[in-house]
Amino acid sequence: MGTLTAASNDGYVRSAASGRTFWADARDATTGAAASSTLTRSNIATGVRRVGTACNVIRSFYYFDCSGISATVASATLKIYGYSNNSADVIIVKASAPNTDGSTALTTADFDAIPGFSAGASMSGNVTDYSSEVTTWSTSGYNDIPLNAQALLDLKNNSAFQICVVEYDYDYTNSSPGVVAVYAGQYYEDYSGTGTDPIIEYTLATEVSKIDGVSISNITKIDAIAKANIASINGVDLP
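Note that the coordinates shown come from a computational prediction; the quantities given were computed from them, not determined experimentally.

K.L.:
Before we go on, may I ask you to explain the overall build of the protein in this structure?
P.N.:
Within the protein, the regular secondary structure consists of three helices and 17 strands. Classification of the 239 residues of the protein by burial places 45% in the buried group. A sequence separation of at least 24 residues applies to 80% of the contacts in the protein between residues at least 6 apart. In the structure as shown, the protein presents an accessible area of about 10700 Å², 45% of it carried by carbon and sulfur atoms.

K.L.:
It is not clear to me how the pairing of strand β9 (residues 160-167) should be interpreted in this structure. Could you clarify?
P.N.:
Residues in a regular strand point their side chains to alternate faces of the sheet. For β9, the buried fraction is high: eight of the eight residues fall into the buried class. Burial along β9 is two-sided: Ala160, Gln162, Cys164 and Val166 and Phe161, Ile163, Val165 and Glu167, pointing in opposite directions, are all buried. Taken together, the six bridges between strand β5 (residues 54-65) and β9 define a ladder with antiparallel strand orientation. Each bridged residue has a counterpart across the sheet, and for Phe64 the counterpart in β9 is Phe161. Pairing between strand β7 (residues 90-94) and β9: five bridges, direction antiparallel. Paired with Val93 across the strands is Cys164, a residue of β9.

K.L.:
Sorry, what's going on with the side chain of Glu167 here?
P.N.:
One can find Glu167 in strand β9. Arg27 is the oppositely charged side chain nearest to the buried, salt-bridge-free Glu167, at an N-O distance of 8.2 Å. Among the polar contacts listed, one links the side chain of Glu167 to the backbone nitrogen of Tyr170, at a separation of 2.9 Å.

K.L.:
Whenever I open this one, the pattern of salt bridges confuses me. Can you help?
P.N.:
Opposite charge on two side chains lets them pair, provided their charged atoms get close. According to the stated counting rule, one finds five salt bridges in the structure shown. A salt bridge links Arg27 to Asp171, with the nearest nitrogen and oxygen atoms 3.4 Å apart. In this pair, Arg27 is assigned in helix α1 (residues 22-27) and Asp171 in helix α3 (residues 168-172), connecting sequence segments 144 residues apart. The exposure class of Asp171 is buried, given its relative accessible area of 0%. The network of salt bridges with shared partners includes Arg27, Asp28, Arg59 and Asp171.

K.L.:
When you look at the environment of Val166 in this model, what are you seeing that I'm missing?
P.N.:
Note on placement: Val166 falls in strand β9. Each C-alpha atom of the pair Val166 and Glu133 lies 9.7 Å from the other, and the pair is 33 residues apart in sequence.

K.L.:
Sorry if this is basic, but what is going on with the packing of aromatic side chains here?
P.N.:
The geometry of an aromatic ring pair is captured by the separation of the ring centres together with the interplanar angle, meaning the angle of the planes. Following the criterion strictly, the structure yields seven aromatic pairs and no others. Ring centres of Tyr81 and Tyr187 lie 5.3 Å apart, and the angle between their planes is 85°; on these two criteria the pair is classed as edge-to-face. Of the two residues, Tyr81 is situated in strand β6 (residues 73-86) and Tyr187 in strand β10 (residues 180-187); the sequence distance between them amounts to 106 residues. Here Tyr81 matches Tyr187 in class, with each residue buried. A centroid spacing of 5.0 Å and a plane angle of 20° characterise the contact between Tyr168 and Tyr172, whose relative ring orientation is stacked. With Tyr168 and Tyr172 both in helix α3 and four residues apart, the pair spans about one turn of that helix.

Reading the values: rules and limits
Residues numbered from 1 in each chain as written. Predicted model: local features only at pLDDT ≥ 70, side-chain atom pairs only at ≥ 80, totals over all residues. Heavy atoms only, no water. Helix = DSSP H or I, 4+ residues; strand = E, 2+ residues; numbered from the N terminus. Buried < 20%, exposed > 50% of the residue type's maximum accessible area, 1.4 Å probe, protein only. Contact = heavy atoms within 4.5 Å. Areas by Shrake-Rupley, 256 points an atom, 1.4 Å probe, with all protein chains shown as cover. Pairing = 2+ DSSP bridges. Lys, Arg positive; Asp, Glu negative; His and termini not counted. Salt bridge = Lys/Arg side-chain N within 4 Å of Asp/Glu carboxyl O. Polar contact = N/O pair within 3.5 Å; in protein donor to acceptor, adjacent residues only side chain to side chain. Phe/Tyr/Trp six-rings, centres within 6.5 Å; stacked < 30°, edge-to-face > 60°.

Here it is as structure tokens:
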């Protein structure tokens, strides 16, 4: 099993709005009101808060260097250590922040750094989901979130794996809330020690290296079928 640890520029971006169009102004903002990549943990890391005509939407972003993965990823689990609040359901989606070298801090301009995000529309069917909805959140240990097939492909094919933890019931679905305050608190990489670091644990698929004692690299056809057209043999992937 392999492990990836989030870069130290993880953190959150928060938007804020008030007035008659509070929800659209907060949720669809292109620039947030505040951003931080230096917090060690936050009790409002992901969530939505609405009081009267004032609204805040918070999204957390994480960067993982996956450049060392070249083989097929069979399974992967995102593990985020929870903190303080557990009232929000969340979902993991593909992000384009933090930046691609894992060092530059988040800025308020990163609030909508979610490829496919469309103002005024649900994220469903527009953005790239990396998980199902997460409906329970531990505040005293790791939250284990299975990553889906698209995430496994991106872990193999990309040098950087960037994610956003999005509140599900309101932000992801673009559903204007009533009076509400829902959050999923999280630890970030900057917290002292490594026991609460955001990590991804993954396993690689087994690959065929030889057939009848012949190295797979020296074989061009298998039963008269071009090797390039064969993905696996008896459930075992070809390299």
